[in-house]
Amino acid sequence: MTPSDDRMLELLASADPEGIEMLYSRYGRLAYSLAYRVLSDAGAAEDVVQEAFLSVWRRAATYRADRGSLRTWLCSIVHHRALDRLRGRSGRARLDLPLEKASPETDASDTWDQVAQVLERDQITVALGELSAEQRQTIELAYFGGYSQSEISELLRIPLGTVKGRTRIGLRKLRSALEVRGWVAQS
Amino acid sequence: MSTPISCGDAETRIAAEALGSLDAQELPSLRAHLEGCATCRHTASTFASTAALLPLSVSEIEPPTRLRTRLMAQVYAEASGQRSRSSLLQRLWRRVPSARAFTVATALSTAVAMGAIVVTTRSSRPPAPRSQPASMASFSVTGTTVQPLAHGSVRYDATAQQAVLSVQGLPEPPPAPKGVLPSTYEVWLIRPNAVAVPAALLTESPDHQTWTAVIHGDISRFRSLAATLEPAGGSSSPTGTEVLNGSLTAG
């Protein structure tokens, strides 16, 4: 967690609305962009983002550092809610696993935080570029399209085994690409 | 009881789960495997951390101002409600020192009773169905020979009488001559008698990855859906090349 995460958590834990103000200022655009990418609907994206931030506001006390940074936690909530909305269900069973420790991040000031985000954005974009078009497509259909592996198999008219292989190898390659450049810790 | 799986199979399922695409029936065996395999738990953590970076790959778009306004209005309302409740309790506490024990006991027994009611209610409520609610239906759409890479889906909410068409793999319409507006993709609902009814225009997402359209009304009366390339603003009947189609009938 960054020092700025600590400050936001402090405010959220004491039910100070300034905590949500800070969180929204920092990650509102990212959250909305993610929701819109999944839902392709501005109104639905707004609803999901509002629900996600309110969820953080109400459940700040349940936050665990082993879930990753506040950004990771928030994006995870946005992503799950967007997928649930896309699929028209109230929720599905998921694994609840701790994430590895986040890599050390930069200084607390907003400027450096923005620079760090831009760098991370470049990193993931470059890393995704190392995947084959098919692997990237499979990952995007899964993560942003909300399709299950069976649905992807049906959509693309390819064997389910091929979808599973592309997903596993694609995610492994993505991880390696990030590790090799020192952008995430070696696993 | 779930069938045991190998670490290789587990890794495949872990990758899918990290992306949110694991088929539901595969989750129990994955859970069971992870309970007994520290190596795979580490893999799960690694894959989840990797997937958690994917939001950064999305092109950022500015949310509408009203979103912050709505959110903060709700947050401040809840914060103010909490402060009111806590100050009310503090006032009661100060006013009735002799009844503090009674107050605490009453609060505790009320909480326990409410908890029992909640537990009872939850246990008597039937489990949520795993399958899609009856009011929701999904159909796939595929590109024609003109646009073979196009693919997508229609998700229809019969209760809300609204369908969302989402398409990937469709290129931007060809550039138009100077002074002419570019063509647009128009969506049609096809009646059983083959008459095409204009339904919507596809809108491209800011990151150029997805085209979407929202269709209002009861689509169950139509046999299929199609999209064609039309002049800017659309047409009253199809004039252009069909790029996409899909059946709207179940099975």
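Just so we're clear, the structure is a prediction, and the values are computed from it rather than from any experiment.

## Structural notes on the overall build of chain A
Alright, step 1. For chain A, the helix and strand inventory stands at eight helices and zero strands.
Alright, step 2. For chain A, the sequential pattern of α-helices and β-strands runs α-α-α-α-α-α-α-α.
Alright, step 3. The 187 residues of chain A split such that 53% are buried.
Alright, step 4. Considering only intrachain contacts with a sequence separation of at least 6, the fraction spanning at least 24 residues in chain A is 60%.
Alright, step 5. Per element, the accessible surface of chain A, about 8,000 Å² overall, is 50% carbon and sulfur.

## Remarks on the overall build of chain B
Alright, step 1. Check the secondary structure of chain B and you find five helices and nine strands.
Alright, step 2. Order of helices (α) and strands (β) in chain B, N terminus to C terminus: α-α-α-α-α-β-β-β-β-β-β-β-β-β.
Alright, step 3. With 251 residues in all, chain B has 38% of them scored as buried.
Alright, step 4. Considering only intrachain contacts with a sequence separation of at least 6, the fraction spanning at least 24 residues in chain B is 55%.
Alright, step 5. With an accessible surface of roughly 13,900 Å², chain B has 60% of that area assigned to carbon and sulfur atoms.

## Thoughts on the packing of helix α2 (residues 17–39) of chain A against helix α3 (residues 42–59) of chain A
Residue and element names in this part refer to chain A.
Alright, step 1. Interhelical geometry of α2 versus α3 gives an angle of 145° and a closest axis separation of 9 Å. Handedness of the α2/α3 crossing: right-handed. Here α2 contributes Pro-17, Ile-20, Leu-23, Tyr-24, Tyr-27, Gly-28, Ala-31, Tyr-32, Ala-35, Tyr-36 and Leu-39 to the contact with α3, which in turn contributes Ala-42, Ala-44, Ala-45, Glu-46, Val-48, Val-49, Phe-53, Val-56 and Trp-57.
Alright, step 2. Tallied by class, the residues present in the contact of α2 with α3 amount to 18 nonpolar, one polar and one charged.

## Focus: the pairing of strand β5 (residues 196–201) of chain B
Residue and element names in this part refer to chain B.
Alright, step 1. Bridge analysis of strand β4 (residues 184–190) against β5 gives five bridges, and the strand direction is antiparallel. For Leu-189, the partnering residue across the bridge sits in β5 and is Val-197.
Alright, step 2. Linkage of β4 to β5, two consecutive antiparallel strands, is achieved through a turn of five residues, within which Ala-194 is found at a positive phi near 75°.

## Here's the deal with the side chain of Thr228(B)
All names here are of chain B.
Alright, step 1. Mapped onto the elements of the fold, Thr-228 is located in strand β8 (residues 224–230).
Alright, step 2. For Thr-228, a relative accessible area of 4% translates into the label buried.
Alright, step 3. A distance of 2.7 Å separates a polar atom in the side chain of Thr-228 from a polar atom in the side chain of Glu-230.
Alright, step 4. Contact partners of Thr-228, with chain neighbours within four places excluded, come to Thr-184, Tyr-185, Glu-186, Trp-188, Pro-238, Gly-240, Thr-241, Glu-242 and Val-243.

## Observations concerning the packing of aromatic side chains
All names here are of chain B.
Alright, step 1. One pass over the structure, following the stated rule, counts four aromatic pairs over all chains.
Alright, step 2. Taking the centre distance of 5.1 Å and the plane angle of 90° together, the rings of Tyr-185 and Trp-211 count as edge-to-face. Here Tyr-185 is found in strand β4, whereas its partner Trp-211 is found in strand β7 (residues 210–216), with 26 residues between them in sequence. For the pair formed by Tyr-185 and Trp-211, the shared burial category is buried.

## What to know about the state of the cysteines
Alright, step 1. Going through the model one piece at a time under the given rule, you end up with zero disulfides over all chains.
Alright, step 2. Between Cys40(B), a free cysteine, and Cys37(B), which holds the nearest cysteine sulfur, the sulfur-to-sulfur gap is 3.6 Å.

## Here we look at the sheet that holds strand β1 (residues 136–143) of chain B
Alright, step 1. Here we have nine strands laid out as an open sheet, ordered β5-β4-β8-β9-β1-β2-β3-β7-β6 (chain B), and antiparallel in their pairing. Looking at strand neighbours, the two that pair on one side only are β5 and β6 (203–204) of chain B, the edges of this open sheet.

## Here's the deal with the interface of chain B and chain A
Alright, step 1. Counting residues at the interface gives 69 residues for chain B, matched by 73 residues for chain A.
Alright, step 2. At the surface where chain B touches chain A, the tally comes to eleven salt bridges.
Alright, step 3. Salt-bridge contacts for Arg70(B) lead to Glu46(A); the nearest nitrogen and oxygen are separated by 3.2 Å.
Alright, step 4. A per-element tally of the side of chain B that touches chain A places helix α4 (residues 65–95) of chain B first, with twelve residues.
Alright, step 5. Residue composition of the side of chain B that touches chain A, grouped by class: 31 nonpolar, 24 polar and 14 charged.

## Quick look at the confidence of the model for chain A
Alright, step 1. Across chain A, the average pLDDT comes to 83, with 83% of residues at or above 70.
Alright, step 2. Across residues 98–109 of chain A, confidence stays below pLDDT 50; counting only partners more than four residues off in sequence or on other chains, it has 25 contacts.

Rules and cut-offs
Residues numbered from 1 in each chain as written. Chains lettered and ligands numbered in written order. Predicted model: local features only at pLDDT ≥ 70, side-chain atom pairs only at ≥ 80, totals over all residues. Heavy atoms only, no water. Helix = DSSP H or I, 4+ residues; strand = E, 2+ residues; numbered from the N terminus. Buried < 20%, exposed > 50% of the residue type's maximum accessible area, 1.4 Å probe, protein only. Contact = heavy atoms within 4.5 Å. Areas by Shrake-Rupley, 256 points an atom, 1.4 Å probe, with all protein chains shown as cover. Axes fitted to C-alpha atoms, helices over the stretch in contact; angles between N-to-C directions. Left-handed = near helix turned anticlockwise from the far one by under 90°. Nonpolar A, V, L, I, M, F, W, Y, C, P; charged D, E, K, R; others polar. Pairing = 2+ DSSP bridges. Polar contact = N/O pair within 3.5 Å; in protein donor to acceptor, adjacent residues only side chain to side chain. Phe/Tyr/Trp six-rings, centres within 6.5 Å; stacked < 30°, edge-to-face > 60°. Disulfide = S-S within 2.5 Å. Salt bridge = Lys/Arg side-chain N within 4 Å of Asp/Glu carboxyl O. pLDDT = per-residue confidence, 0-100.

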